[in-house]
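Fold and geometry: a report
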Amino acid sequence: MKKGKFSPSSFKGGVAALLGLGMGLLAALQPARAEELETLKPGVLQVTIQPYMPYTAMKDDKLVGLDSDILAAVADKLGLKMEVNVTDFPGMLASVQSRRADITIGGIAWSDARQKVGLFTDPPYYSPPAMAVAGTDKFPDVKSLEGKDLGTVTGYVWAKSIAQVPNATPHTYPSADSVFQDLASGRLNVGFLDPLLIVYQQKQRPDMKFSVEYLTPPTADEVKAHPDYQYFQPYMTGFYLPKEAPKLAKAVSDQIDAMYKDGSLSALITKWGGDPKQFLVPSPEMAAQRRGVDRPADWSPPSIAP
C-alpha cells in the first residue's frame, strides 16, 4: 500500500476545513443575535401589556408579574432592551396584529383564529380551567353552569364558551376587576378568569367572599355538541408576535424551552403562587391542536415531566 506524502498545504487545508465545520456547528448552536431579529427598533423589544396581575403590570416604571419575569429573562438572553406600552386586552392583540408592537404577553390563550393573524411562541405555561365562584356554591362540571349568570372579560376565549351554556346568561366586562365586583355583589354566579389572577385577587381582597374552583373539563361528546366548550378545557398560553417576525418568535420559543429544562420556569411559577405540576405539564390533547397548524407534525409541547 502506498503512503501519500505529507504536504503542508494539504495539512493547512484540512485544518481550515475542520475549523470551518466547527465554526458552522457553533453558529448553529448559538442563539439568534439581537441584530438578526425582526424587531421594529434594532436591539429593542417593544412590548404591549394590560394591567393584569399577577401576570403583567407596570410598577415604579418596571415590568412585573409572571409573564413579565419570563419575558425579562428571555430578552436578557437575546440581548434585547424592553420598551413597554400599557393598553387593554383587545388593544394589545391589535398592536401585534397590525405590527405596532413586537410582542404582547399576559395569559394569552392559543387559538386557531389568533394564530391565523399572528405568531404564538411555545407555551411559557399551561392554564387549568379555573373559576371564581360567588359565596359557597359549587359548580363541578359544565352542566351545573346551566341557567346561571356567567362572566368573563371581553375578548377572552371563555366569552365563546359561556355563550353556549344552555339557559345561562353570559356577561362580558372590560376588565377582570369588573368581573370580581359583580361576583362580590351577587350579580354573577361564576367568573371565568386565569387561575393565578383568581388566587391573587382572593389574597388581595378576602372581603369579596368568592372561592377558587376548578371545572371538570367537558367530555368529547359535550365538545362535539358545543364546539366552544373546548375553551373550558386546560389551554396553552403563549407570547404573541406579528406574522412578520418568525425569527423573533422562534428565538423566544427556544429560550422558553430552555427555561423548562433548567428549572427557572418552575421557580417563577412557584414564586407567583402556582403549582409547576399544574402549569408546566401539557394535557395529552394539546400537541394535536397545533401539529400541522402552526407547528411541525412531530411537535411536542414543552414539559417538566420526564
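Anything mentioned here points back to the structure above.
The sections below set out a description of the structure shown in this document. (Residues numbered from 1 in each chain as written. Predicted model: local features only at pLDDT ≥ 70, side-chain atom pairs only at ≥ 80, totals over all residues. Heavy atoms only, no water.)

This part is about the sheet that holds strand E9 (residues 149-153). The strand order E10-E9-E11-E8-E12 describes an open sheet built from 5 strands, whose pairing is mixed. Every other strand in the sheet has two partners, leaving strand E10 (169-173) and strand E12 (210-214) as the edge strands with one partner each. The sheet shows a mean angle of 30° between the axes of neighbouring strands, direction not considered. Sheet topology places E9 next to E10; 5 bridges connect them, and they run parallel. Opposite Leu150, over in E10, you have Pro170 as the bridge partner. (Pairing = 2+ DSSP bridges. Helix = DSSP H or I, 4+ residues; strand = E, 2+ residues; numbered from the N terminus. Axes fitted to C-alpha atoms, helices over the stretch in contact; angles between N-to-C directions.)

Before going further, it helps to examine helix H3 (residues 89-97). Taken together, the buried positions of H3 are Phe89, Met92, Leu93, Ser95 and Val96. For H3, the angular spread of buried residues about the axis comes to 155°, placing them on one side. Of the surrounding elements, those touching the buried residues of H3 are strand E1 (44-49), strand E5 (103-104), helix H4 (112-115) and strand E14 (240-241). Two or three places before Gly91, at the opening of H3, Asp88 has a side-chain oxygen 2.8 Å from that residue's backbone nitrogen. At the C-terminal side of H3, Arg99 shows a positive phi close to 55°. (Buried < 20%, exposed > 50% of the residue type's maximum accessible area, 1.4 Å probe, protein only. Arc of directions from axis to C-beta. Contact = heavy atoms within 4.5 Å. Polar contact = N/O pair within 3.5 Å; in protein donor to acceptor, adjacent residues only side chain to side chain.)

The next point concerns the packing of aromatic side chains. Evaluation of the coordinates by the stated rule reveals 11 aromatic pairs. With centroids separated by 4.8 Å and ring planes inclined at 75°, the aromatic side chains of Phe89 and Tyr156 adopt a geometry described as edge-to-face. Taken together, the residues Phe89 in helix H3 and Tyr156 in the loop between E9 and helix H5 (158-163) connect sequence positions 67 residues apart. Tyr156 matches Phe89 in its accessibility class, with the two residues each being buried. (Phe/Tyr/Trp six-rings, centres within 6.5 Å; stacked < 30°, edge-to-face > 60°.)

Tallying each qualifying case throughout the model produces 11 salt bridges. For Lys271, the salt bridge goes to Asp69, with nearest N and O atoms at 2.8 Å. Note that Lys271 is positioned in helix H10 (residues 264-271) and Asp69 in helix H2 (residues 66-78), a separation of 202 residues in sequence. On the basis of relative accessible area, Lys271 is assigned to the exposed category, the value being 53%. For Asp69, a relative accessible area of 17% corresponds to the buried category. For Asp112, the salt bridge identified is with Lys116, shortest N-O distance 3.4 Å. Salt bridges here are not isolated pairs; linked through shared partners, they connect Asp122, Arg290, Asp294 and Arg295. (Salt bridge = Lys/Arg side-chain N within 4 Å of Asp/Glu carboxyl O.)

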